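Single-letter residue listing:
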Amino acid sequence: MSVELRPLGVNCNIACQYCYQNPQRDAGNLTQSYDLELMKAAVEREGGSFILFGGEPLLLPEQDLEALWAWGLEKYGSNGIQTNGTLINDNHIRMFKQYQVQVGISIDGPSELNDVRWAGSLERTRQQTAQVEAVIERLLKEGIVPSLIVTLHRGNATPDKLPLMHDWFRSLDRAGIQSVRLHILQVDYSQIQNKYALSLIENIQALLSFAELEQELTTLTPDVFRDVENLLLATDNEATCVWRACDPYTTSAVRGVEGKGQRSNCGRTNKDGIDFVKADSAGYERYLALYHTPQEYGGCQGCRFFVMCKGQCPGTAIAGDWRNRTEHCSVWKQLFEYLEQRLLGQGKTPISLDANLHYLEENMLDDWQHGLNPSLNTKLNEMRAIAAQQPPLTCALES
C-alpha cells in the first residue's frame, strides 16, 4: 500500500457537505504549515511510495508540488494524487506527465448529478463541475487515464437519476476510463442523513443497477463488484481495505504522513475530529467480537458472509461505534447474495456456500486472536497444505 502524504491535512477548497473529514474541520484541526524535508524523511520511514492526499492536495504551491514529485519519481519511480480536480491547470498536467503521476479524481456525476459538491451557488457549482469534466477529457487526450471515486447519494442515485448516471458510465467507458470506485454515502451528521442519504431500498437498487450495467461495459470496472466476487471466491489478495478487517487504530491500508512528518491513520473513524496517534501494533478485537455478537446487538453472528465482509469498514459502523458492524449491512448482504447467484450461474462455488465454511471461520478467528490478518486466499492455501497431509476433505478445501 502507498503512503498517503497530506501536507495540508484536511484543508480543502470545497469541503463537500458530506465529507467524512468534516468532523476534523469542525473541530478546528486544520494544518497550517508543512515541512518538505520532514515529510520526505517520514515517507522513507514508512517505506514509500506515496500518493498526495488531502483535503485537497493541489492547494499546495506548484513549486513544492514539483519538488515532491521530482523526489518521488527519482526515489520510487512514480507518483500519485487524489484530487477533486477543480484546481488542475496546464502546469499540473505538465507535471503529471513529467513525473509519472497517477491521477485519481473525485466526482459524483456530470452536471446536476454533482451538485452535492456545492461551490457556494448553483451557477458556480455547475461551472466547477463542467471544469472537472473538461479536465477528465483533457487528461485522456494527454494520455493520462484517471481513476474516479463516485459517492452515491440522493443527488445522483435515486431511481429517476440512475439512467443519467448509467449513460455517464457508458460515456466514461467509451472514453477509456478503466477504474471507478463506488462509495455508499458515509454519514456522520443527522442533517446529512436526512438531506442526502439514500434509503436502504434505494442503495440496494442503485448498486444492483450498476452491477447489471457492468456486464455491458468494456473497459470500465467498478471495483466494488470485483472485490465482492473475489471475496466470494477467496481470491482476495488485492481486495480494498474496507473488506480486510481494518483496525481503526493502525489502519494498515492507510499509512498517513502529515505536514510535519507525523504518522496518522485513515480519517474515516475520526468521528470526534481528533487525528489520534497511530498505534504500534494492530488488534482485531472488532472481528472476534462481531463473529460472536448476535446481529440484533450490532454483531454478525450467524452470517454466512462474515469472513468475506468482516462487518465492512469500521468508519461506517452503526452509531459511529467501530465495534459494531457496518450500518450498510443489509445493502452489502443483498449484493453478496446477488453476486453469489451470478457466480453459481457461471459454474463457480462461492465459499459462502461451501460445506467447510466453518473451518475457514475458525482458522480466521484463530489468526486474529494471535494478531494476524491473512487474506482468505492465504488462509485457504495454508489449510489446503495441511489437509493434503491428512485424510481427504470435501469441496473447496480440496482444490
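First things first, this report covers the structure right here in the doc.

Parameters and conventions
- Residues numbered from 1 in each chain as written.
- Predicted model: local features only at pLDDT ≥ 70, side-chain atom pairs only at ≥ 80, totals over all residues.
- Heavy atoms only, no water.
- Helix = DSSP H or I, 4+ residues; strand = E, 2+ residues; numbered from the N terminus.
- Buried < 20%, exposed > 50% of the residue type's maximum accessible area, 1.4 Å probe, protein only.
- Contact = heavy atoms within 4.5 Å.
- Areas by Shrake-Rupley, 256 points an atom, 1.4 Å probe, with all protein chains shown as cover.
- Lys, Arg positive; Asp, Glu negative; His and termini not counted.
- Charge placed at Lys NZ, Arg CZ, Asp CG, Glu CD.
- Salt bridge = Lys/Arg side-chain N within 4 Å of Asp/Glu carboxyl O.
- Pairing = 2+ DSSP bridges.
- Axes fitted to C-alpha atoms, helices over the stretch in contact; angles between N-to-C directions.
- Expected span 1.5 Å × (residues − 1).
- Arc of directions from axis to C-beta.
- Polar contact = N/O pair within 3.5 Å; in protein donor to acceptor, adjacent residues only side chain to side chain.
- Core = buried A, V, L, I, M, F, W, Y, C linked by side-chain atoms within 4.5 Å.
- Parallel < 35°, antiparallel > 145°, perpendicular 65-115°, else oblique.
- Nonpolar A, V, L, I, M, F, W, Y, C, P; charged D, E, K, R; others polar.
- Phe/Tyr/Trp six-rings, centres within 6.5 Å; stacked < 30°, edge-to-face > 60°.

## As for the overall build of the protein
In step 1: When its secondary structure is counted, the protein shows 14 helices and nine strands.
In step 2: Along the first, second and third principal axes, the C-alpha atoms of the protein reach 65 × 50 × 40 Å.
In step 3: For the protein, buried positions account for 53% of its 399 residues.
In step 4: Taking the intrachain contacts of the protein between residues at least 6 apart in sequence as the baseline, contacts between residues at least 24 apart amount to 70%.
In step 5: Carbon and sulfur atoms make up 50% of the accessible area of the protein, which totals about 17,400 Å².
In step 6: Distance between charge centroids for the protein: 2 Å, based on 36 positive and 50 negative side chains.

## Overview of the pattern of salt bridges
In step 1: On inspection of all chains with the given rule, the structure shows 26 salt bridges.
In step 2: With a shortest N-O distance of 2.8 Å, Glu-4 and Arg-6 are connected by a salt bridge. Each member of the pair, Glu-4 as well as Arg-6, is classed as buried.
In step 3: A salt bridge links Arg-138 to Glu-142; the nearest nitrogen and oxygen atoms lie 3.0 Å apart.
In step 4: Residue classification places Arg-138 among the partly exposed residues on the basis of a relative accessible area of 31%.
In step 5: Residue classification places Glu-142 among the partly exposed residues on the basis of a relative accessible area of 28%.
In step 6: A single salt-bridge network, built from bridges that share partners, covers Asp-90, Lys-97, Arg-138 and Glu-142.

## Some thoughts on the sheet that holds strand β5 (residues 147–152)
In step 1: One open sheet holds the nine strands; their spatial order is β7-β6-β5-β4-β3-β2-β1-β8-β9, and the pairing between them is mixed. Both outer strands of the open sheet, β7 (221–222) and β9 (263–264), are each paired with one neighbouring strand and no more.
In step 2: Note: strand β1 (residues 3–6) against strand β8 (residues 255–258), four bridges, orientation parallel. Bridge assignment links Glu-4 to a residue of β8, and that residue is Gly-256.
In step 3: In the packing of helix α3 (residues 62–76) onto the sheet, the strands contacted are β1, β2 (50–52), β3 (79–83) and β4 (101–106), and the crossing angle to β2 comes to about 160°.

## Brief notes about helix α13 (residues 357–369)
In step 1: Given a rise of 1.5 Å per residue, 13 residues ought to cover 18 Å, and the 19 Å separating the end C-alpha atoms of α13 matches this to within 8%.
In step 2: The set of residues buried in α13 consists of Leu-357, Leu-360, Glu-361, Met-364, Leu-365, Asp-367 and Trp-368. For α13, the buried positions fall inside an angular range of 160° around the axis, keeping them on one side.
In step 3: Buried residues along α13 sit in contact with α10 (285–292), α11 (306–309) and α14 (376–387).

## Regarding the pairing of strand β6 (residues 179–184)
In step 1: In this structure, β5 lies alongside β6, joined through five bridges in parallel fashion. Of the residues in β6, the one forming a bridge with Leu-148 is Val-180.
In step 2: In the sheet, β6 pairs with β7 via two bridges, with the strands oriented parallel. Across the sheet, Val-180 pairs through a bridge with Pro-222, a residue of β7.

## A short note on the side chain of Arg-325
In step 1: Relative to the assigned elements, Arg-325 resides in the loop between α11 and α12 (329–345).
In step 2: A distance of 2.8 Å separates the side chain of Arg-325 from the backbone oxygen of Gln-295, its partner in a polar contact.
In step 3: Engagement of the side chain of Arg-325 in a polar contact is seen with the backbone oxygen of Gly-299, the distance being 2.7 Å.

## Comments concerning the nonpolar core
Side chains of a nonpolar character, in soluble globular proteins, are inclined to be buried together.
In step 1: Of all hydrophobic cores here, the largest spans 90 residues; its most connected members are Trp-69, Phe-96, Ile-105, Leu-152, Leu-182, Met-308 and Phe-336.
In step 2: If near-sequence neighbours (up to four positions away) are discounted, Phe-96 is found in contact with Trp-69, Ile-81, Ile-88, Val-101, Val-103, Leu-139 and Ile-144.
In step 3: Listed in part, the ten residues of the second largest apolar core include Cys-16, Tyr-18, Cys-19 and Ile-192.

## A short note on the packing of α13 against α14
In step 1: Two numbers describe how α13 lies on α14: the axes approach to 10 Å, and their chain directions differ by 110°. In terms of axis orientation, α13 runs roughly perpendicular to α14. Along the contact surface, α13 presents Tyr-359, Leu-360, Asn-363, Met-364 and Asp-367, while α14 presents Leu-376, Lys-379, Leu-380 and Met-383.
In step 2: In terms of residue class, the contact of α13 with α14 is made up of six nonpolar, one polar and two charged.

## A short note on the packing of aromatic side chains
How two aromatic rings sit relative to each other is set out by the distance from centre to centre and by the angle between their planes.
In step 1: Scanning the entire structure with this criterion turns up twelve aromatic pairs.
In step 2: For the ring pair Phe-169 and Phe-210, a centre distance of 4.9 Å and an interplane angle of 45° mean the geometry is tilted. In this pair, Phe-169 sits in helix α6 (residues 162–175) while Phe-210 sits in helix α8 (residues 200–214), placing the two residues 41 residues apart along the sequence. We note that Phe-169, like Phe-210, is buried.
In step 3: Judged by centre distance (6.1 Å) and plane angle (75°), the ring pair of Phe-306 and Trp-368 falls under edge-to-face.

## What to know about the pairing of β5
In step 1: Judged by how many residues are buried, β5 sits mostly within the fold: five of six residues are covered.
In step 2: Here three bridges tie β4 to β5, and the two strands are oriented parallel to one another. Within β5, the position partnered with Ile-105 by the bridge is Leu-148.

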